[in-house]
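What follows is the residue order along each chain.
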Amino acid sequence: MSKVLVFGHKNPDTDTITSAIVYAYLKQQIGEEAEAVRLGDVNNETQFALDKFGFEAPRLISSVVGEADKVILVDHNEFQQSADGIEEVQIAEVIDHHRIANFQTADPLYYRAEPVGCTATILKKIFNENGLDIPANIAGLMLSAIVSDTLLFKSPTCTEQDVKAGEELAKIAGVEIAEYGLAMLKAGADLSDKSLEDLLSLDAKEFQFGEYKSVVAQVNAVDVNDVLNRQEELEILLNKNVAENGLDLFFFVVTDILNNDSTAVAIGQVAEAAAKGFGADLINNRVVLPDVVSRKKQIVPVLTEALK
């Protein structure tokens, strides 16, 4: 099996899906056999981007065992967020913009992690370094990832590099950033066809905070009450998930994409400690998070410190 598989994390978001497609394309242009695959369902926002720029979703796999000998990870590195069987294959490369945790390999590898808002921003640099032109449809996917991860450049994770890359990619793709970006974000925030079970897994990542096994899930909404008005039913599902998966915390975040703040519903034995990490009290299992929109920069670091 000479082909290398390129994929992002479980419960994939727009950066994960599009970066897998883009990096597999880049690898093919320099003569390597690569295939983009995915580890979960495609969400509404990502499907909007795929439809806009004429792409099919990558093939779905459940495990890398028997699929390939070598893999490339994009938009993640933590093994609990990666493919089943990841320990049994060679990780050839990682292209990421998150913290490094729970990661080790037996062989040397190319590892590129930069403190930018989106994996696509790094991929644009790699295109430039290889002297490769970016086709319009590929540029559209990369722009979509940046818009998604930076909430149209409003997230604190956004850097000047992300803004510059986004502007250049928009020109190549032939779209107007604000108009396209808002339409894509609203498509992702349309929860009308989603059950609460869907929302729990839509963008959920597992983390180890000290000795505590945790899940931090996040959904974007135009009106957070579309979710919070169903809190009683939501808590039943969260408690079930905590019990079945041996979790110490399930931190479910609903982010208002128009007002740029969030509310979390926290369940588990360390839920109160998690809330206090934000300087807040856990009231009715809720934590109000003013001006918080980024899991990577504003939520995970706080929980890491609070639960160490």
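Structure first, text after, so check above.
The residue numbering used here restarts from 1 in each chain and proceeds along that chain's sequence as written. Totals for whole chains, interfaces and linings use every residue, but because this is a predicted model, local features are given only for residues with pLDDT of at least 70 and side-chain atom pairs only at 80 or more, for both listing and counting. In computing side-chain values, all of the structure's heavy atoms are included and hydrogens and water are not.

(A) Looking closely at a nonpolar patch on the surface. Residues forming no salt bridge and having over 30% relative accessible area are the ones grouped into patches, like charges within 9 Å of each other and nonpolar side chains (Val, Leu, Ile, Met, Phe, Trp, Tyr) within 5 Å. Only the protein chains shown count as cover for residues, with accessible areas throughout obtained via the Shrake-Rupley method and a probe of 1.4 Å. A carboxyl oxygen of Asp or Glu within 4 Å of a side-chain nitrogen of Lys or Arg is what we treat as a salt bridge. Where nonpolar side chains cluster on the molecular surface, the patch consists of L182, V222 and L258 and spans about 230 Å² of accessible area. If you trace the backbone, L182 turns up in helix 6 (residues 177–189). For the purposes of this entry, the term helix denotes a DSSP run of H or I that reaches at least four residues, the term strand denotes a run of E that reaches at least two, and both are numbered from the N terminus.

(B) Seen up close, unusual backbone geometry. In this structure, N102 takes a positive phi of about 55° despite not being glycine. Checked against the element boundaries, N102 lands in the loop between strand 5 (90–96) and strand 6 (110–113). To sort residues, take the accessible area from a 1.4 Å probe on protein chains only and compare it with the maximum for the residue type: under 20% means buried, over 50% means exposed, and anything in between is partly exposed. Judged by relative accessible area, which is 43%, N102 ranks as partly exposed. If you check the backbone angles, N284 has positive phi at about 55° while not being a glycine. Relative to the elements of secondary structure, N284 occurs in the loop between helix 10 (271–277) and strand 11 (286–289).

(C) Seen up close, the sheet that holds strand 1 (residues 4–7). Pairing between two strands requires that DSSP report at least two bridges joining them. Across the sheet, six strands lie side by side as 3-2-1-4-5-6; this open sheet has parallel pairing. The open sheet is flanked by strand 3 (59–60) and strand 6, the only strands paired with a single partner. As judged from the three bridges shared by strand 1 and strand 2 (residues 34–38), these two strands associate in the parallel manner. Looking at strand 2, one finds that L5 is bridged to E35. The contact rule is simple, with two residues in contact once any of their heavy atoms fall within 4.5 Å. Only the stretch in contact is used when fitting a helix axis, every axis being a line fitted to C-alpha atoms; angles between N-to-C directions are given from 0 to 180 degrees. Where helix 1 (residues 14–29) meets the sheet, its contacts fall on strand 1, strand 2, strand 4 (70–74) and strand 5, and the angle it forms with strand 2 comes to roughly 170°. Sheet contacts for helix 3 (residues 119–129): strand 4, strand 5 and strand 6; angle to strand 5, the most-contacted strand, approximately 105°.

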